[in-house]
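Here are the chains, one letter per residue:
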Amino acid sequence: MSRLKTFIAAGGAAAVLAGIVAGSSAALAAPPPARVPLAGSAAPFTTHTPAAGHLPGSRQLTIQVWLKPDLAAAQRYATTVSTPGSASFRRFLSPAAYTARFGPTRARAAALTTWLRSEGFNHITAGAQRDYIRATAPVATINAAFHVTMKTYHATRQASAGPYALYANDRPLTLPAALAPTVLGVTGLDNAAVTQPVR
């Protein structure tokens, strides 16, 4: 083999080896799956109320993760079912029929259940209409799953939990990008008393 051919062969092998190394490095350095903030998932009082401390990591909380129904289609049906002269006038749906037609799919409920279980939640059950998934976990598990810190807060005139310590997540929850579009909201992460405005 001539020196030129030897040089070309050696250069090709080096390029292949460099490609393998680069590919392996890229695989090792691959970022974790993207996460998406869940709009409206932080209690408003957490933005202006001083935190008093952290909720103990061992404390158990039960939450409800609400799944999005097909609201646009349900609203269209509600309009036609209440419009005299329409083909659907007064053809009201049973809860089961509403779920079958507009509710979250079994696949979406199953995907959320699988994720919650993989994150360490237990006692996972779905609502009758699959509109929410209920799950229980220690605060430490909740913090890790949603990338938040559960904190206690000083009570104010605008936000309190009565005789109990006020608590909430300190910032908006985040969810895996594949799940986020199917989730409407999460309840059970703060214990602020509901206040009714005086009129």
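Coordinates for the structure precede this section.
Residues numbered from 1 in each chain as written. Predicted model: local features only at pLDDT ≥ 70, side-chain atom pairs only at ≥ 80, totals over all residues. Heavy atoms only, no water.

To continue, consider the sheet that holds strand S2 (residues 51-54). One open sheet accounts for three strands, arranged S2-S6-S7; its pairing is antiparallel. Each having just a single partner strand, S2 and strand S7 (166-169) make up the two edges of the open sheet. Across the sheet, the mean angle separating the axes of adjacent strands is 35 degrees when strand polarity is ignored. (Pairing = 2+ DSSP bridges. Helix = DSSP H or I, 4+ residues; strand = E, 2+ residues; numbered from the N terminus. Axes fitted to C-alpha atoms, helices over the stretch in contact; angles between N-to-C directions.)

Before going further, it helps to examine the packing of helix H2 (residues 71-81) against helix H3 (residues 95-102). Two elements in contact, H2 and H3, have axes separated by 10 Å at closest approach and are oriented at 130 degrees. The angle between H2 and H3 places the two elements in the oblique class. Contact residues: Ala73, Ala74 and Tyr77 in H2; Tyr98, Arg101 and Phe102 in H3. (Parallel < 35°, antiparallel > 145°, perpendicular 65-115°, else oblique. Contact = heavy atoms within 4.5 Å.)

Turning our eyes to something else, we now look at the environment of Met150. Relative to the assigned elements, Met150 resides in strand S6 (residues 150-153). Sequence spacing of Met150 and Gly53 is 97 residues, and the spatial spacing of their C-alpha atoms is 9.0 Å. Met150 has contacts with His54, Leu55, Leu61, Val139, Ile142, Asn143, Tyr167, Ala168, Asn169 and Leu189, leaving out every residue within four places of it along the chain.

It is a general feature of regular strands that their side chains alternate between the two faces of the sheet. With three bridges connecting them, S2 and S6 associate as antiparallel partners. Residue Gly53 lies in a different strand from S6, and its bridge partner there is Thr152. Sheet analysis places S6 next to S7, joined by four bridges and oriented antiparallel. Note that in S7 the partner of Tyr153 across the bridge is Leu166.

Let's shift gears to the pattern of salt bridges. All told, the structure shown has two salt bridges when counted by the stated rule. Of the charged contacts in the structure, one is a salt bridge between Lys151 and Asp170, with a shortest N-O distance of 4.0 Å. Taken together, the residues Lys151 in strand S6 and Asp170 in the loop between S7 and strand S8 (174-176) connect sequence positions 19 residues apart. Residue Lys151 is classed as partly exposed on the basis of its relative accessible area, which comes to 22%. The shortest N-O distance in the salt bridge between Arg171 and Asp170 comes to 2.5 Å. Shared partners join several salt bridges into a network, and the residues in it are Lys151, Asp170 and Arg171. (Salt bridge = Lys/Arg side-chain N within 4 Å of Asp/Glu carboxyl O. Buried < 20%, exposed > 50% of the residue type's maximum accessible area, 1.4 Å probe, protein only.)

Quick look at unusual backbone geometry now. Despite not being glycine, Arg130 has its phi angle at roughly 55 degrees, a positive value. Looking at the element boundaries, Arg130 is found in the loop between strand S4 (122-126) and strand S5 (132-138). Here His147, not a glycine, exhibits a phi torsion of approximately 60 degrees, which is positive. Mapped onto the elements of the fold, His147 is located in the loop between helix H5 (139-146) and S6. On the basis of relative accessible area, His147 is assigned to the partly exposed category, the value being 40%.

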